[in-house]
Amino acid sequence: LPYSSPTPLGPGLDDDGAEKVEEEDDARDARAALAEATETFPWNWSAWLDLAAVDAKDAPTASLPMDEDQAARQAAIDDGGALSHDDGPAGASEDLVRACARAHNDIERQRCEAALATLRRCHGCSQSAWVLAAEALAHYARRDFDQARDCFEALRERDPFRLDDLDVYSNVLYVQEARAELSRLAHAATRCEKYRPETCCVVGNYYSLKAQHERAVLYFRRALRLDRTCLSAWTLMGHEYIEMKNTAAAIEAYRRAVDVNGRDYRAWYGLGQTYEILNMYFYALYYYRKAAVLRPRDARMWIAIAQCYEKLNRDDDAIKGYERAAQHDDQEGHALLKLARLHRGRASHDEAFACYAHYARLHNDTDAADLGDATAEALLYLATAHKKSERYDE
């Protein structure tokens, strides 16, 4: 449960507090050691990855270690300067390695635009598959699935036997409901190496798309037997348990995903959905807020929060949530429609009219034959309002 009763340990300190202080000290020591490793030998890529993992649990403003010369060089690169082409002992320049580490750190922190800007400069001096894969991951994180798919397809053409990040590619195909492509990907991955967690996740996504949820869970469990820290497997298995109405198992899977990576918003969001299904809206709010902290510009997070407030009859808070969602790329206009209905129920007709009008403009290109109930509702409200005001031309 998200809340627990503290056990007193001393003045202003409990068991959880003492453990947290100890963890913070360990993280600080680990970061210092890893920073020294990257300073001593910048081509130590595993040190950069571990450093990013430590920073992921730290403040969102944590930055990569640099001395004055490196900071000046990075500032020049950020202003559009070129990366150095001088090869180091690992076949790549120090600038390139640091740029890749910076991009990886930005992706982990959902700063996708910054990551993409860095990766575009990396293309000029590297044909690395990692750079292309990182670009695909950045597009996926910002939910630009078409661009992510293009990058993954280019990556597959360049290296058809590369299995790293293939689970993310299968997520893209799943969202786009590309069953044939997902089937081909599952067969190719299985032929390449069937005892890889990524392969199991790809096959599991294929069965999930076919609504064979039990078989999907079987493959996600197989992935976890191969790697207990496979984040995709825990999260996807939670989704499958939701489909199977097994909320207890879904909560357990999502909690394991949070333990693996506390900065993965999907697990927090999944926990919120599960508790919302159980009508435990205060718990759902707790987890949705966690997700919103990690994805503050994702309209879905704010819509979920607002819906919980609405079910708790806290309409003022719900309106604030829907307004926040409408400001953050709510392309389908779900928040606008919810706002319009709330204002309409409160007899705030001017606000309801503005929301319905905005929603109607978003769906202005919809054919009459494909007109949905929500669009029809908006148009009918607008027509009725114009009729009452005797604006018959409108």
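Reading guide: rules and limits
Residues numbered from 1 in each chain as written. Predicted model: local features only at pLDDT ≥ 70, side-chain atom pairs only at ≥ 80, totals over all residues. Heavy atoms only, no water. Helix = DSSP H or I, 4+ residues; strand = E, 2+ residues; numbered from the N terminus. Buried < 20%, exposed > 50% of the residue type's maximum accessible area, 1.4 Å probe, protein only. Contact = heavy atoms within 4.5 Å. Areas by Shrake-Rupley, 256 points an atom, 1.4 Å probe, with all protein chains shown as cover. pLDDT = per-residue confidence, 0-100. Salt bridge = Lys/Arg side-chain N within 4 Å of Asp/Glu carboxyl O. Disulfide = S-S within 2.5 Å. Patch = residues over 30% accessible without salt bridge, like charges linked within 9 Å, V, L, I, M, F, W, Y side chains within 5 Å. Lys, Arg positive; Asp, Glu negative; His and termini not counted. Charge placed at Lys NZ, Arg CZ, Asp CG, Glu CD. Axes fitted to C-alpha atoms, helices over the stretch in contact; angles between N-to-C directions. Parallel < 35°, antiparallel > 145°, perpendicular 65-115°, else oblique. Left-handed = near helix turned anticlockwise from the far one by under 90°. Nonpolar A, V, L, I, M, F, W, Y, C, P; charged D, E, K, R; others polar. Phe/Tyr/Trp six-rings, centres within 6.5 Å; stacked < 30°, edge-to-face > 60°. Lys NZ or Arg CZ within 6 Å of the ring centre and 35° of its normal. Expected span 1.5 Å × (residues − 1). Arc of directions from axis to C-beta.

## Regarding the overall build of the protein
Counting secondary structure elements, the protein contains 20 helices and two strands. The buried share of the protein, reckoned over its 394 residues, is 45%. Sequence-distant contacts, at least 24 apart, represent 52% of the contacts inside the protein between residues at least 6 apart. Roughly 21,200 Å² of accessible area belongs to the protein as shown, and the carbon and sulfur atoms make up 48% of that amount.

## Describing the confidence of the model for the protein
With 80% of its residues at a pLDDT of 70 or more, the protein shows a mean pLDDT of 83. Between residues 1-14, whose pLDDT stays under 50, and residues either more than four places distant or in other chains, the model counts 17 contacts. In the model, residues 59-64 has pLDDT below 50 throughout and makes 16 contacts with residues more than four positions away in sequence or in other chains.

## Focus: the pattern of salt bridges
Going through the model one piece at a time under the given rule, you end up with 18 salt bridges. Across the pair R300 and D298 runs a salt bridge, and its minimum N-O distance is 2.7 Å. Through salt bridges with shared partners, a single network forms among R149, E153, E181 and R184.

## Brief notes about the state of the cysteines
The tally for this structure, following the rule as stated, stands at zero disulfides. C100 provides the cysteine sulfur closest to C122, a residue in no disulfide bond, and the two sulfurs are 4.2 Å apart. For C122, a relative accessible area of 0% gives the class buried.

## Side note on a positive patch on the surface
A cluster of basic residues, K194, R221, R222, R225 and R228, forms a positive patch at the surface. Position of R221 among the secondary structure elements: in helix α11 (residues 213-226). The class of R221 is partly exposed, set by a relative accessible area of 43%.

## Points about the packing of helix α18 (residues 334-345) against helix α19 (residues 349-362)
Helix-helix packing is characterised by the crossing angle of the two axes and by the distance between the axes. At a minimum axis separation of 8 Å, α18 and α19 run at an interaxial angle of 155°. Considering their axes alone, α18 and α19 lie roughly antiparallel with respect to each other. In the packing of α18 onto α19, the handedness of the crossing is left-handed. In contact with L336, L337, L339, A340, R341, H343 and R344 of α18, α19 contributes E351, A352, C355, Y356, H358, Y359 and L362. Here the contact of α18 with α19 is composed, by residue class, of nine nonpolar, two polar and three charged.

## Let's talk about the packing of aromatic side chains
Scanning the model with the defined rule gives twelve aromatic pairs in all. Relative to Y283, the ring of Y275 lies with its centre 5.5 Å away and its plane at 25°, an arrangement referred to as stacked. With a centroid separation of 4.7 Å and an interplanar angle of 35°, the aromatic rings of Y356 and Y381 are classed as tilted. Here Y381 lies in helix α20 (residues 373-388) and Y356 lies in helix α19, a separation of 25 residues in the sequence. Both residues of the pair, Y356 and Y381, belong to the buried class. Following the ring pairs from residue to residue traces out a cluster consisting of W268, Y275, Y283, Y286 and Y287. Looking at K290, its charged tip hangs above the ring of W268, at a distance of 5.3 Å from the centre. The ring of Y265 has R295 lying over it, and the distance from NZ or CZ to the ring centre is 4.5 Å.

## Some remarks on the side chain of N205
Tracing the sequence through the fold places N205 in helix α10 (residues 197-209). Taking the relative accessible area as the measure of exposure, N205 reaches 3% and is therefore buried. When near neighbours in sequence (up to four residues on either side) are disregarded, N205 contacts D167, S170, N171, Y174, L182, F220 and L236.

## Structural notes on unusual backbone geometry
Although it is not a glycine, D165 adopts a positive phi angle of roughly 65°. Within the secondary structure layout, D165 lies in the loop between α7 (145-158) and α8 (166-175). On the accessibility criterion, D165 (22% relative accessible area) is partly exposed. Despite not being glycine, A347 shows a phi value in the positive range, around 60°. Tracing the chain through its elements places A347 in the loop between α18 and α19.

## Regarding the packing of α7 against α8
Packing of α7 against α8 leaves a shortest axis separation of 10 Å and a crossing angle of 135°. Classified by the angle between their axes, α7 and α8 sit oblique to one another. In this structure, α7 meets α8 at a crossing whose hand is left-handed. Contact with α7, carried on its side by F145, A148, R149, F152, E153 and R156, involves L166, V168, Y169, V172, L173 and V175 of α8 and no other residues of that element. Residues belonging to the contact of α7 with α8 are distributed by class as follows: nine nonpolar, no polar and three charged.

## Some details on helix α9 (residues 179-192)
Given a rise of 1.5 Å per residue, 14 residues ought to cover 20 Å, and the 20 Å separating the end C-alpha atoms of α9 matches this to within 8%. Every buried residue of α9 is listed here: L182, S183, L185, A186 and A189. One side of α9 holds all its buried residues, which, seen down the axis, span an arc of 165°. Seen from the buried face of α9, the exposed residues on the opposite side, beyond 90 degrees, are R184 and R191. Tucked into the core, α9 has its buried residues touching α7, α8 and α10.

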